[in-house]
Protein chains: 2
Amino acid sequence: MRAVECGPVVPSSGAFRPVSPESVRLTGHGFWADRRALNASGILPHAHAWLDRMGWTQNFRDPAHHTGREFTDSEIYKLLEAYCWDDADHSAEIGTLTALVAEAQDKDGYLGTAHGRDGQHARWSDPNFGHELYCLGHLIQAGVAAARTGKAPGLLQVARRAADHVVRIDPGICGHPEIETALVELYRVTGDVRYLEQAAAFVDRRGHRTLPEHEFGWTYFLDDTPVRDATSLRGHAVRALYLAAGAVDVAVETGDTELLAAVVRQFDHTLARRTYLTGGMGSRHQDESFGDDFVLPPDRAYSETCAGVATIMLAHRLLLATGDVRYGDIVERILYNVVATAIADDGRAFFYAHTLHQRTPTEFVPADRAQLRFGGGPRAPFFEVSCCLPNVARLLASLPAYLVTSSAEGVQLHQYASMDVTAGGLTLAVRTRYPDDGDVAIEVRRADQGERVLTLRIPAWAAGATVDGLPVEPGTAVRVRRDFIRGDVVRLHLPVTPRWTRPDPRIDAVRGCVAVEAGPLVMCVESLDARQNLDHLMVDASEAPGAAVVKGRFADPTDARWPYRSNGDDCAHGTPTVVPLVPYHRWARRGPATMRVWLPVMPT
Amino acid sequence: MRAVECGPVVPSSGAFRPVSPESVRLTGHGFWADRRALNASGILPHAHAWLDRMGWTQNFRDPAHHTGREFTDSEIYKLLEAYCWDDADHSAEIGTLTALVAEAQDKDGYLGTAHGRDGQHARWSDPNFGHELYCLGHLIQAGVAAARTGKAPGLLQVARRAADHVVRIDPGICGHPEIETALVELYRVTGDVRYLEQAAAFVDRRGHRTLPEHEFGWTYFLDDTPVRDATSLRGHAVRALYLAAGAVDVAVETGDTELLAAVVRQFDHTLARRTYLTGGMGSRHQDESFGDDFVLPPDRAYSETCAGVATIMLAHRLLLATGDVRYGDIVERILYNVVATAIADDGRAFFYAHTLHQRTPTEFVPADRAQLRFGGGPRAPFFEVSCCLPNVARLLASLPAYLVTSSAEGVQLHQYASMDVTAGGLTLAVRTRYPDDGDVAIEVRRADQGERVLTLRIPAWAAGATVDGLPVEPGTAVRVRRDFIRGDVVRLHLPVTPRWTRPDPRIDAVRGCVAVEAGPLVMCVESLDARQNLDHLMVDASEAPGAAVVKGRFADPTDARWPYRSNGDDCAHGTPTVVPLVPYHRWARRGPATMRVWLPVMPT
């Protein structure tokens, strides 16, 4: 294990190298610094308390009286992983949970509170939904975090014993991918090639319809087509993304360029045809799945929080492997529009699914009730299925690893925040008020002798971006190659003024609409500001959107008996008005409201 | 029981009276005559064979080895009901199934093969999904059919004993409404007011969240709001529609004008805001449910066949009660665009759900496999859940009852087909090639002395309609009052030339699109005719659509990495072309194809 490289993903090779979280320090206040602080003080305690309240921690002590679904163990593991990555001191919780988990491990290395005992289903009896390897994958990721941070002596051993058990038993594939990426990371930590081989076997076995036939169909489980042959991500969104991440990990470690290219192809297809403007993925509530190409209804958007986290996991692995900075664009988009949206201001409620068009006012959800229905609806304290909250927690805890990379020639900044960075032979003080402001000042505090390259991702949306006053091309990596000296300042300017965004005409659900983006932020209209029914809003897109407003007109709709007619005009009648915009990540925080991102355009 | 009135719905009072199926004879060939013949020779034997193959008939002999879901009994009852209504001779099948059902009845009158025995769930133990009253409702409707047609001596007694059991036990409400409408009809047949009181109790008990809390929520079960207070149909579509039908039946028999008005209000709201152009209802695959107002995505339309049948049931009851002929419009729309679409040409496969935008070519489904996933997908021979097929079968079998009504003053024609009608003091020969042709010739063969009123429904879409050459208002009832004599001919002309149809601008999913309708038929474009990717089609709506074609242009889409952009034009580029239209009910009959009803309009 290289001491200077850390974080959740440390490939053996690749265009960019991960840096250790110590090498990246978010400073003081800032968009992400504040949210990491909220994670430590609000989200993590909230999640922990709910896992206790639901009885899912107790399952480790008393599996005979197991409560909750088959995969509840994984939430404890993700919580543990988050505690390890986080900067704050969670040593007491880490100690408690590590002991809890270790004691629940069977002598043969198996660990799982929902299977194998009297009255429970036998181990490995339900490949489709048993979630056993899924849970063990999260255990292993927690063990990796424990090893790399040194915060939980013993947890790596628990993880290794479980992994050894998996290697020994070699069960069939799991209905929910996760074990693959975990096993590769365990190989990376331990050097034990059996873990890599097992992960590769799981990836290769998938796609041949070997899972028992199920009403949901093989596509849901990604068992319809081998990874090497598939053209798109499809089926259950989180399953698809975790599998793809694991396939990238396998490909990088085995030098399998064909497999890597297959995932690149699928991810590119998915970004181009199956992704919401927010970066969210999953357009079907039913089965929490991808829909067909260009089926992206904003109202019934599923865009599960976990899918957002999983997309970041995948995109980051592709970034490290290929050096294509454009993968940072989707990471940024999801961070600001899915992750930031997901969490309540006090960290004690969250969205499971993310609509882009709320038609009925959001409800109030009591603070003490877990929601039965885990898709859709307002931010809630907890859900019967609560994969999303500890997933966000572990992402926020390990966030520094996603911001910066290094290479032999220098350092690459992928996300912009006020931070102190030491990597690639440079020590930098990055200062910015991004995303409120598009100016990023990068001051060199120290530099190795000789030329270094400072690489800056210019987002594809940033038309008009400049570096030190010179225009730079959006959607590219700007490489500033210099013999840097202390005191040098590189100034990046990203225009964050609001702009209209128009959808591909093949996305039927938003034809005739525009959206507004400002920098990386998707904007929206909320009924609290509009004070009229948002269903009747049409906007005048002939001028640029104002700093925080759109000009529009609330139409007087005719309420006909039948909503389809042969004649009549399409002109908007009604009151011209100025409608404030708010960042989409701020919606549903001021009380019940309707909301829409995509705004119908007034016919000319 | 009045011998001259028959069919599935015979209210004690109302603006229009049902006529017996003998009073309405579809003649020779014609759109519906042919489909009723297919029902007798194809659909019914196919359904019966599959019910046997699936083991659901065997459940009545051997419930200890019950196969299939809790509601499979209902399919046998619906089949029996269909056999009774149908004109052809099914006496052997009726005898077999009646004996089967009678022998399975318990001594206390309970009948249900899925509950109550060793190894089964106890009776009444699962109000949400036990479907026990649901099944008994269908049994009762079969008993009513048997009594009114005289074709199954003994079945009425079986139904009465079951109904007596229900009255005696008085269980809580059933998660799936159906018992309500059935009990009222049994009251109408027997005069036993306890059945009406029980039905009224079931209706009034609903909406108070007395069902156990379930992940699907109370709205799904229509248990969130009392019928009298609700403003729209909502939740699971078939449940909502069956409940509404039952509420109308109760209201008519008890003279409860408030309850009737509540259902009228809900149905009107649903027609105006939650119904597809095809008349289909249900816009969510998840939970087979209604969506919010104006959420009507054509691609993910659910529009379950059973919901179409149930809407006809409800609309017909409202027609009889109120005398508002416009309810015949929705019946017509569903008949031609949901029912006609549902069934394969040989009667041996059917759609469960009805998409209006097929994006990937329809698959081929083997003739010998029941589909696990019962929503979406191509016409299939059978599904694990197969409520739709026997529902269509009983509708087609009893179809004459939906075509014509009578009153003290005369006869009302609600649907147009070649038929001989004796009702309301008139004997008519109705001849037409509708819907291919809009001319309907109504010749008087015999007439009672004195003035009679012949009432004709003029569909709301029929701008330009004439009666005997005189313009008549669409969406109205034209009353031809005359001292009719033999040989009189009344000529109705309904313009069936293709017309553009534009959606309410609040239906986001089809903004910027038009559809084509021709008479009662919704038209579509199928890829087999277009020979290009339908996703790239844009139509020129500046001229009327041609007799069977639209002029369009297939755009050359740019395949950008990200489908949302800040600039660029919306103009269509690409090849001008003429694209044939086919009736929507004919789609997916010539091999794998993509299809769309709503066509993007070229920007001007």
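Definitions and limits used
- Residues numbered from 1 in each chain as written.
- Chains lettered and ligands numbered in written order.
- Predicted model: local features only at pLDDT ≥ 70, side-chain atom pairs only at ≥ 80, totals over all residues.
- Heavy atoms only, no water.
- Helix = DSSP H or I, 4+ residues; strand = E, 2+ residues; numbered from the N terminus.
- Buried < 20%, exposed > 50% of the residue type's maximum accessible area, 1.4 Å probe, protein only.
- Least-squares fit on C-alpha atoms with pLDDT ≥ 70 in both.
- Contact = heavy atoms within 4.5 Å.
- Axes fitted to C-alpha atoms, helices over the stretch in contact; angles between N-to-C directions.
- Left-handed = near helix turned anticlockwise from the far one by under 90°.
- Nonpolar A, V, L, I, M, F, W, Y, C, P; charged D, E, K, R; others polar.
- Expected span 1.5 Å × (residues − 1).
- Salt bridge = Lys/Arg side-chain N within 4 Å of Asp/Glu carboxyl O.
- Pairing = 2+ DSSP bridges.
- Buried area = accessible area lost by both parts, 1.4 Å probe.
- Bend = angle between axes of the 7 residues up to and from the residue.
- Phe/Tyr/Trp six-rings, centres within 6.5 Å; stacked < 30°, edge-to-face > 60°.
- Lys NZ or Arg CZ within 6 Å of the ring centre and 35° of its normal.
- pLDDT = per-residue confidence, 0-100.

**Observations concerning unusual backbone geometry**
For residues that are not glycine, phi is negative in most cases, and the peptide bond is trans in most cases.
Part 1 of the argument: Residue Tyr434(A) is joined to Pro435(A) through a cis peptide bond whose omega torsion reads 5°.
Part 2 of the argument: Position of Pro435(A) among the secondary structure elements: in the loop between β9 (426-432) and β10 (439-447).
Part 3 of the argument: Residue His131(B) is not a glycine yet carries a positive backbone phi of 60°.
Part 4 of the argument: Along the chain, His131(B) turns up in the loop between α4 (91-103) and α5 (132-149).
Part 5 of the argument: Residue classification places His131(B) among the buried positions, given a relative accessible area of 6%.
Part 6 of the argument: In this structure, Asp468(B) takes a positive phi of about 50° despite not being glycine.
Part 7 of the argument: You can see Asp468(B) is positioned in the loop between β12 (466-467) and β13 (470-471).

**A closer look at the relation of the copies chain A and chain B**
Part 1 of the argument: Overlaying chain A on chain B yields an RMSD of 0.0 Å, the required transformation being a rotation through 180° with an accompanying axial translation of 0.0 Å. In short, the pair behaves as if placed about a two-fold rotation axis.
Part 2 of the argument: Comparing contact sets, 100% of the residues at the interface of chain A also lie at the interface in chain B, consistent with an isologous, same-surface contact.

**Focus: the packing of α5(B) against helix α6 (residues 155-169) of chain B**
Residues and elements named next belong to chain B.
Part 1 of the argument: Look at α5 against α6: their axes get within 8 Å of each other, and the N-to-C directions meet at 145°. For the pair α5 and α6, the crossing hand works out as left-handed. Of the residues in α6, those in contact with Leu133, Leu136, Leu139, Ile140, Ala142, Gly143, Ala146 and Ala147 of α5 are Leu155, Leu156, Val158, Ala159, Ala162, Ala163 and Val166.
Part 2 of the argument: Of the residues belonging to the contact of α5 with α6, the class tally is 14 nonpolar, one polar and no charged.

**Some words on helix α7 (residues 179-190) of chain A**
Given 3.6 residues per turn, any residue in an α-helix points the same way as the ones three and four places further on.
Residue and element names in this part refer to chain A.
Part 1 of the argument: Compared with an ideal rise of 1.5 Å per residue, which puts 12 residues at 16 Å, α7 spans 16 Å between its outermost C-alpha atoms and is within 8% of the ideal.
Part 2 of the argument: Where burial is concerned, most of α7 is hidden: 11 out of the 12 residues are buried.
Part 3 of the argument: Among the residues of α7, those classed as buried are Ile179, Glu180, Thr181, Ala182, Leu183, Val184, Glu185, Leu186, Tyr187, Arg188 and Val189.
Part 4 of the argument: Along its buried surface, α7 packs onto α5 (132-149), α6 (155-169), α8 (193-205), α9 (237-254) and α11 (305-322).
Part 5 of the argument: Looking one or two residues beyond α7, the residue adopting positive phi is glycine 191, at roughly 80°.

**Focus: the pattern of salt bridges**
Part 1 of the argument: Applying the stated rule across the entire model yields 97 salt bridges over all chains.
Part 2 of the argument: The closest approach of N and O atoms between Arg589(B) and Asp345(B), which form a salt bridge, is 3.0 Å. One end of the pair, Arg589(B), is in the loop between β23 (582-583) and β24 (595-596); the other, Asp345(B), is in the loop between α12 (327-342) and β3 (357-358), and 244 residues separate them in sequence.
Part 3 of the argument: Note that Arg431(B) is salt-bridged to Asp420(B), the shortest N-O span being 2.9 Å. Note that Arg431(B) is positioned in strand β9 (residues 426-432) and Asp420(B) in strand β8 (residues 419-423), a separation of 11 residues in sequence.
Part 4 of the argument: Here the salt bridges do not stand alone but share partners, grouping Arg148(A), Glu185(A), Arg188(A), Asp249(A), Glu253(A) and Arg317(A) into one network.

**Concerning the sheet that holds strand β2 (residues 24-26) of chain B**
Residues and elements named next belong to chain B.
Part 1 of the argument: Ordered in space as β2-β8-β9-β10-β15-β12-β13, the seven strands form an open sheet in which the pairing is antiparallel. The sheet is open, and its two edges are formed by β2 and β13, each paired on a single side.
Part 2 of the argument: As judged from the two bridges shared by β12 and strand β15 (residues 489-493), these two strands associate in the antiparallel manner. Within the sheet, the bridge partner assigned to threonine 466 lies in β15 and is histidine 493.

**Some details on the environment of Asp164(A)**
All names here are of chain A.
Part 1 of the argument: Summarising the element assignment, aspartate 164 is placed in helix α6.
Part 2 of the argument: Accessibility expressed as a relative area gives 21% for aspartate 164, which makes it partly exposed.
Part 3 of the argument: C-alpha of aspartate 164 to C-alpha of aspartate 108: the two residues are 56 residues apart in sequence and 9.1 Å apart in space.
Part 4 of the argument: In this view, aspartate 164 contacts Arg194 and Tyr195; residues no more than four positions away in its chain are not counted.

**Thoughts on the interface of chain A and chain B**
Part 1 of the argument: Of the residues lining the interface, 64 residues belong to chain A; the matching set on chain B comes to 65 residues.
Part 2 of the argument: Of the roughly 5,700 Å² buried where chain A meets chain B, counting both sides, 44% is carbon and sulfur surface.
Part 3 of the argument: Looking at the side of chain A facing chain B, the largest losses of area belong to Arg373(A), Arg561(A) and Tyr564(A), adding up to 15% of the total buried there.
Part 4 of the argument: In this assembly, chain A and chain B are joined by eight salt bridges.
Part 5 of the argument: Of the charged contacts in the structure, one is a salt bridge between Arg69(B) and Glu215(A), with a shortest N-O distance of 3.4 Å.
Part 6 of the argument: Mapped onto the side of chain A that touches chain B, the elements with two or more residues apiece are α10 (257-273), α12 (327-342), β16 (498-503) and β21 (564-565) of chain A.
Part 7 of the argument: A per-element tally of the side of chain A that touches chain B places β16(A) first, with five residues.
Part 8 of the argument: Within the side of chain A that touches chain B, the residues separate by chemical class into 24 nonpolar, 12 polar and 28 charged.
Part 9 of the argument: Across two bridges, the pairing between β16(A) and strand β21 (residues 564-565) of chain B is antiparallel. Across the sheet, the residue bridging to Pro503(A) is Tyr564(B), located in β21(B).

**A look at helix α1 (residues 31-53) of chain B**
Residues and elements named next belong to chain B.
Part 1 of the argument: Between its first and last C-alpha atoms α1 spans 31 Å; for 23 residues at 1.5 Å apiece the expected length is 33 Å, and the two agree.
Part 2 of the argument: The sharpest bend along α1 reaches about 50° and sits at asparagine 39.
Part 3 of the argument: A positive phi of about 90° marks glycine 55, the residue just after α1.

**With respect to the packing of aromatic side chains**
Residue and element names in this part refer to chain A.
Part 1 of the argument: Under the counting rule described, the total for this entry stands at 44 aromatic pairs over all chains.
Part 2 of the argument: Summarising the aromatic geometry, the rings of tryptophan 56 and phenylalanine 382 are spaced 5.5 Å apart at their centres and angled 45° between planes, so their arrangement reads as tilted. Here the residue tryptophan 56 occupies a position in the loop between α1 (31-54) and α2 (58-61), and phenylalanine 382 occupies one in strand β5 (residues 382-383), the gap between them amounting to 326 residues. The pair tryptophan 56 / phenylalanine 382 is uniform in exposure class, with both members buried.
Part 3 of the argument: One aromatic cluster is present, built from ring pairs that chain together Trp50, Trp56, Tyr302, Phe350, Tyr352, Phe382 and Phe383.
Part 4 of the argument: Taking the ring centre of phenylalanine 31 as reference, the NZ or CZ of arginine 35 above it sits at 3.6 Å.

**Details of the side chain of Thr113(B)**
All names here are of chain B.
Part 1 of the argument: Mapped onto the fold, threonine 113 is located in the loop between α4 and α5.
Part 2 of the argument: By relative accessible area, threonine 113 is classed as buried at 2%.
Part 3 of the argument: If we ignore the near neighbours within four places in the chain, the residues touching threonine 113 are Asn59, Phe60, Pro63, His66, Asp73 and Gln120.

**Regarding the confidence of the model for chain A**
Part 1 of the argument: The pLDDT averaged across chain A works out to 94; a share of 98% of its residues lies at or above 70.
Part 2 of the argument: The complex model carries a pTM of 0.90, and its ipTM stands at 0.89.

**Some remarks on the sheet that holds strand β7 (residues 410-413) of chain B**
Residue and element names in this part refer to chain B.
Part 1 of the argument: Strands sit in the order β1-β6-β7-β11-β14 across an open sheet of five strands; the sheet is mixed. Looking at strand neighbours, the two that pair on one side only are β1 (17-18) and β14 (476-482), the edges of this open sheet.
Part 2 of the argument: Sheet analysis places β1 next to strand β6 (residues 404-407), joined by two bridges and oriented antiparallel. The residue of β6 that forms the bridge with arginine 17 is serine 406.

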